[in-house]
Amino acid sequence: MALLPILRYPDPRLKKVAAPVERIDESIRTLARNMAETMYEAPGIGLAATQVDVHKQLVVIDVSEDKSALLVLVNARILERAGSQAGEEGCLSVPGIYDKVERAERVTVQYLDLDGVERTLEAEGLLAVCIQHELDHLTGKVFVDYLSQLKQTRIKNKLAKQARITA
Ligand code: NI
């Protein structure tokens, strides 16, 4: 097991589009394990491969309070979206920043699990938000992209300042 370094916004590599996983092998299972460990350690409720500079369609999610509901989604796509909700979102790649984003209230997602079995999941509330947020990462999108230009500039400046202090 290993902790993976997480890319920080506005790193241009966060804009890369992830490719589908062609074969679920031991390297993919190891990546998923390391991503889960990195997510729990952060701590966070979701992490996309893009955020650890691996541009494959893999995300890990656990919205439970006690780390008991790890979900690994390979080659996931959202089949249906319904309703809307707007909650505060944060992101491990945008530390310390939280803002409201509008999302679908419910989603139906189809994906492969780590055994290569195709599954369908219906999610709502926080889990639905987390799925939408993580799958956005795989298309190069970060939640701050939904905010106003003014806010995006402010966030970039704030994170640049933090990076200088911690460097
Ligand atoms: Ni994120």
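Residues numbered from 1 in each chain as written. Predicted model: local features only at pLDDT ≥ 70, side-chain atom pairs only at ≥ 80, totals over all residues. Heavy atoms only, no water.

Colleague: Please explain the nonpolar core as it appears in this structure.
Modeller: A general trend in soluble globular proteins is that nonpolar side chains are found buried together. Ranked by size, the top nonpolar core spans 18 residues in total, and within it Val59, Ile61, Leu73, Val109, Tyr111, Ile131 and Leu135 carry the most contacts. Among the secondary structure elements, those contributing two or more residues to this core are strand E2 (58–61), strand E3 (71–82), strand E6 (106–112), strand E7 (118–124) and helix H2 (125–138). At five residues, the largest contribution of residues to this core is made by H2. Excluding its chain neighbours within four sequence positions, the residues that come into contact with Ile131 are Ile61, Leu73, Val107, Val109, Leu121 and Ala123. Core analysis: the next-biggest nonpolar cluster, separate from the first, contains 16 residues, Ile24, Leu47, Val72 and Val74 among them. (Core = buried A, V, L, I, M, F, W, Y, C linked by side-chain atoms within 4.5 Å. Buried < 20%, exposed > 50% of the residue type's maximum accessible area, 1.4 Å probe, protein only. Helix = DSSP H or I, 4+ residues; strand = E, 2+ residues; numbered from the N terminus. Contact = heavy atoms within 4.5 Å.)

Colleague: Teacher, can you tell me more about the sheet that holds E7 here?
Modeller: Taken in spatial order, the five strands line up as E1-E2-E3-E6-E7 in an open sheet, and their pairing is antiparallel. Whereas interior strands pair on both sides, the edge strands pair on one side only; in this sheet they are strand E1 (46–48) and E7. With direction set aside, neighbouring strand axes in the sheet form an average angle of 40°. The sheet contacts of helix H1 (residues 26–41) involve E1, E2 and E3, and relative to E2 the element is tilted by about 40°. The sheet strands contacting H2 are E1, E2, E3, E6 and E7, and the helix crosses E7 at an angle near 125°. (Pairing = 2+ DSSP bridges. Axes fitted to C-alpha atoms, helices over the stretch in contact; angles between N-to-C directions.)

Colleague: How should H2 be read in this particular structure?
Modeller: Note on helix geometry: an α-helix contains 3.6 residues per turn, so any two residues three or four positions apart are oriented the same way. Taking 1.5 Å as the rise per residue, H2 with 14 residues should run 20 Å; its terminal C-alpha atoms sit 21 Å apart, in good agreement. Burial in H2 covers these residues: Gly125, Ala128, Val129, Cys130, Ile131, Gln132, His133, Glu134, Leu135, Asp136, His137 and Leu138. One or two positions beyond H2, positive phi appears at Gly140, with a value near 85°. (Expected span 1.5 Å × (residues − 1).)

Colleague: I keep staring at the layout of surface pockets and nothing clicks. Help me out?
Modeller: Which parts of space are left empty comes out when a probe the size of a water molecule is rolled across the atoms. Reported here for the largest pocket is a volume of approximately 360 Å³. As for the largest pocket, its lining consists of 19 residues, and the residues nearest its centre are Ile45, Glu89, Gly90, Cys91 and Tyr98. Secondary structure elements with two or more residues in the lining of the largest pocket: strand E4 (85–89) and H2. If you tally residues by element for the lining of the largest pocket, the top one is H2, at six residues. Looking at side-chain class alone, the lining of the largest pocket contains nine nonpolar, seven polar and three charged residues. Volume-wise, the second largest pocket comes out at about 280 Å³. Every residue lining the second largest pocket is counted, 16 residues in all, and those nearest its centre are Ala76, Arg81, Leu135, Asp136 and Thr139. Elements supplying a minimum of two residues to the lining of the second largest pocket: E3, strand E5 (99–103) and H2. (1 Å grid on protein atoms, 1.4 Å probe; cavity = no way out; pocket = protein on both sides within 12 Å on 5 of 7 lines; lining within 4 Å. Points joined across faces, edges and corners; volume = space filled by probe spheres on them. Nonpolar A, V, L, I, M, F, W, Y, C, P; charged D, E, K, R; others polar.)

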